[in-house]
Amino acid sequence: MSGSYSLEALRTLRRAREQAARLELADKVRELDARIAEAQAEHARLEQSRAERRGAREQVGAALAEAGASAADLMWSLEHDRAQGLREAEQRARLDAAVSRERSAEGERARAVVTLGRAHAEAEAVERHHTRWQSDRARKAQEAEDEAALERFSGRSFGQGPGGG
């Protein structure tokens, strides 16, 4: 009976490992989804900033063309463009960092998938072993019962033998 208990405990342990791997995978998938959404939002902010910068540049250009702008206006425009460029570079760096975190999360998810697969394979191996063990046990019990029945039959049919009567 102790063999049955240890095998059942092993089966339970394997199932628990597989469940833990499934939960870890679900966590990694949620984390990856969050990082993807973060990267997409950062990309949208970058595109919005570029569009605003283009619009401002076009307005300044139109205003300068109409009014005959001064050198101070041109300098202000250049400084403004440079500041916008710095902000855009900062946003691009945040986007790159978000993409990097997304790739990292994807790698973690892939590792979790491998862990889940391994846990599932181990659980299946334990189940196969348990099935074989049960079959062997049932076969041995049947053989023992057949042998006992044969001995009983032999004892009844042939009696006790020459000196046993």
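Residues numbered from 1 in each chain as written. Predicted model: local features only at pLDDT ≥ 70, side-chain atom pairs only at ≥ 80, totals over all residues. Heavy atoms only, no water.

1. Some thoughts on the overall build of the chain
The criterion, for reference: A run of H or I in DSSP becomes a helix once it reaches four residues, and a run of E becomes a strand once it reaches two; helices and strands are each numbered from the N terminus. Relative accessible area decides the class of each residue, using a 1.4 Å probe on protein chains only: under 20% of the type maximum gives buried, over 50% gives exposed, and in between gives partly exposed. With residues, only the protein chains shown are counted as cover, and all accessible areas are computed by Shrake-Rupley using a 1.4 Å probe. This count recognises Lys and Arg as positive and Asp and Glu as negative, with His and chain-terminal groups excluded. Think of each charge as sitting on NZ of Lys, CZ of Arg, CG of Asp or CD of Glu.
Secondary structure assignment for the chain yields two helices and zero strands. Overall size of the chain, expressed as C-alpha extent along the three principal axes, is 140 × 20 × 15 Å. Looking at the chain residue by residue over its 165 residues, the buried ones come to 18%. Surface accessibility of the chain: about 11800 Å² in total, with carbon and sulfur atoms responsible for 56%. Once the 29 positive and 30 negative side-chain charges of the chain are each reduced to a mean point, those two points are 4 Å apart.

2. A look at the pattern of salt bridges
The test is simple: Salt bridges, as used here, are contacts in which a Lys or Arg side-chain nitrogen is within 4 Å of a carboxyl oxygen on Asp or Glu.
In the structure shown here, the tally under the stated rule is 21 salt bridges. Across the pair Arg 139 and Glu 143 runs a salt bridge, and its minimum N-O distance is 3.1 Å. With Arg 139 and Glu 143 both in helix 2 (residues 71–158) and four residues apart, this pair spans about one turn of that helix. A relative accessible area of 40% means that Arg 139 is categorised as partly exposed. Residue Glu 143 is classed as partly exposed on the basis of its relative accessible area, which comes to 43%.

3. Looking at the nonpolar core
As a reminder of what qualifies: Residues belong to one nonpolar core when they are buried, are Ala, Val, Leu, Ile, Met, Phe, Trp, Tyr or Cys, and are joined through side-chain atoms within 4.5 Å. In what follows, a contact means two residues having at least one pair of non-hydrogen atoms within 4.5 Å.
Formed by Ala 21, Leu 25, Ala 112, Leu 116 and Ala 119, the largest nonpolar core amounts to five residues. At the level of secondary structure, the elements contributing two or more residues to this core comprise helix 1 (2–67) and helix 2. Among residues more than four places away in sequence, those in contact with Ala 21 are Thr 115, Leu 116 and Ala 119.

4. Digging into the side chain of Arg 11
With respect to the element layout, Arg 11 can be found in helix 1. If we skip the residues at most four places from it in the chain, Arg 11 touches Val 126, Glu 127 and His 130.

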